[in-house]
Amino acid sequence: MDRKQVSIVMGSDSDLPIMQQAAEILDHLGVGYEIDIVSAHRTPEKLYEFAANAHTRGVDVIIAGAGGAAHLPGMVAAISPLPVIGVPIKSSNSIDGWDSVLSILQMPGGVPVATVALNGAKNAGILAAQIVSASNSIIRSKIIKYKEDLKQQVLTKSQRLKK
């Protein structure tokens, strides 16, 4: 797990409790990652340097979380050749999170951002691992096992409910 295959970025440290969920599932699946704060509005130079160079550092997928106006995922996608997964975050200045969802979801043609549910960083981590697994059979095996474990959990709960 030396190589950082996924980069997790967020606009503020207030996003960390949500974005930590992506890190946790990547840990569980054995996918290397890095994590940082890159504000689209407060550190535009850092954003540009990060997005323009992530692929040269061996990163395969970027997960970008943002609340409010939520420009980070789209700006990263505009600059980087890598797939970007956007995590809309319901922040303290948010309009029930809808502003973040729509800002990330409504990207113009040519600048795609895969968007997960509001506060859905865990799913962003799983999707990033699935993207990595397209060329990594070890990670693919771990995802297959993870999904089998989810299935078994449901079947166990079903049996318990019937008793």
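**Here's the deal with the packing of helix 1 (residues 16–29) against helix 6 (residues 137–162)**
The contact between helix 1 and helix 6 brings their axes to 9 Å, and the two run at 110°. In terms of orientation, helix 1 and helix 6 fall into the roughly perpendicular class. On the side of helix 1, the interface is formed by I25, H28 and L29, while helix 6 contributes I139, K142, I143 and Y146.

**Digging into the side chain of D99**
Mapped onto the fold, D99 is located in helix 4 (residues 98–105). Of the buried charged residues, D99 lacks a salt bridge, with K90 as the closest side chain of opposite charge at 9.2 Å. Filtering out sequence-adjacent residues up to four positions away, D99 remains in contact with G68, N93 and S94.

**Regarding the side chain of S12**
Take S12: it is sitting in the loop between strand 1 (6–10) and helix 1. At 3.1 Å, the side chain of S12 and the side chain of S14 are in polar contact.

**What to know about unusual backbone geometry**
Negative phi is the rule for most residues except glycine; trans is the rule for most peptide bonds. Here the phi dihedral of A70 falls at roughly 55°; this positive angle occurs in a residue that is not glycine. Within the secondary structure layout, A70 lies in the loop between strand 3 (61–67) and helix 3 (72–79). Taking relative accessible area as the criterion, A70 reaches 3% and is therefore assigned buried. You will see that N119, though not glycine, has its phi angle at about 60°, which is positive.

**Concerning the sheet that holds strand 1**
Pairing is parallel in the open sheet, where five strands are placed in the order 2-1-3-4-5. Whereas interior strands pair on both sides, the edge strands pair on one side only; in this sheet they are strand 2 (33–37) and strand 5 (114–115). Contacts from helix 2 (residues 44–53) reach strand 1, strand 2 and strand 3, with the element oriented near 165° to strand 2. This element, helix 3, spans strand 1, strand 3 and strand 4 (84–89) of the sheet and lies at about 150° to strand 3.

**Notes on the layout of surface pockets**
Empty space within the largest pocket amounts to approximately 270 Å³. Around the largest pocket, the lining is made up of 18 residues, and of these G11, H41, R42, A66 and G67 lie nearest the centre. Partitioning the lining of the largest pocket into residue classes produces six nonpolar, ten polar and two charged.

The rules we used
Residues numbered from 1 in each chain as written. Predicted model: local features only at pLDDT ≥ 70, side-chain atom pairs only at ≥ 80, totals over all residues. Heavy atoms only, no water. Axes fitted to C-alpha atoms, helices over the stretch in contact; angles between N-to-C directions. Helix = DSSP H or I, 4+ residues; strand = E, 2+ residues; numbered from the N terminus. Parallel < 35°, antiparallel > 145°, perpendicular 65-115°, else oblique. Contact = heavy atoms within 4.5 Å. Buried < 20%, exposed > 50% of the residue type's maximum accessible area, 1.4 Å probe, protein only. Lys, Arg positive; Asp, Glu negative; His and termini not counted. Salt bridge = Lys/Arg side-chain N within 4 Å of Asp/Glu carboxyl O. Polar contact = N/O pair within 3.5 Å; in protein donor to acceptor, adjacent residues only side chain to side chain. Pairing = 2+ DSSP bridges. 1 Å grid on protein atoms, 1.4 Å probe; cavity = no way out; pocket = protein on both sides within 12 Å on 5 of 7 lines; lining within 4 Å. Points joined across faces, edges and corners; volume = space filled by probe spheres on them. Nonpolar A, V, L, I, M, F, W, Y, C, P; charged D, E, K, R; others polar.

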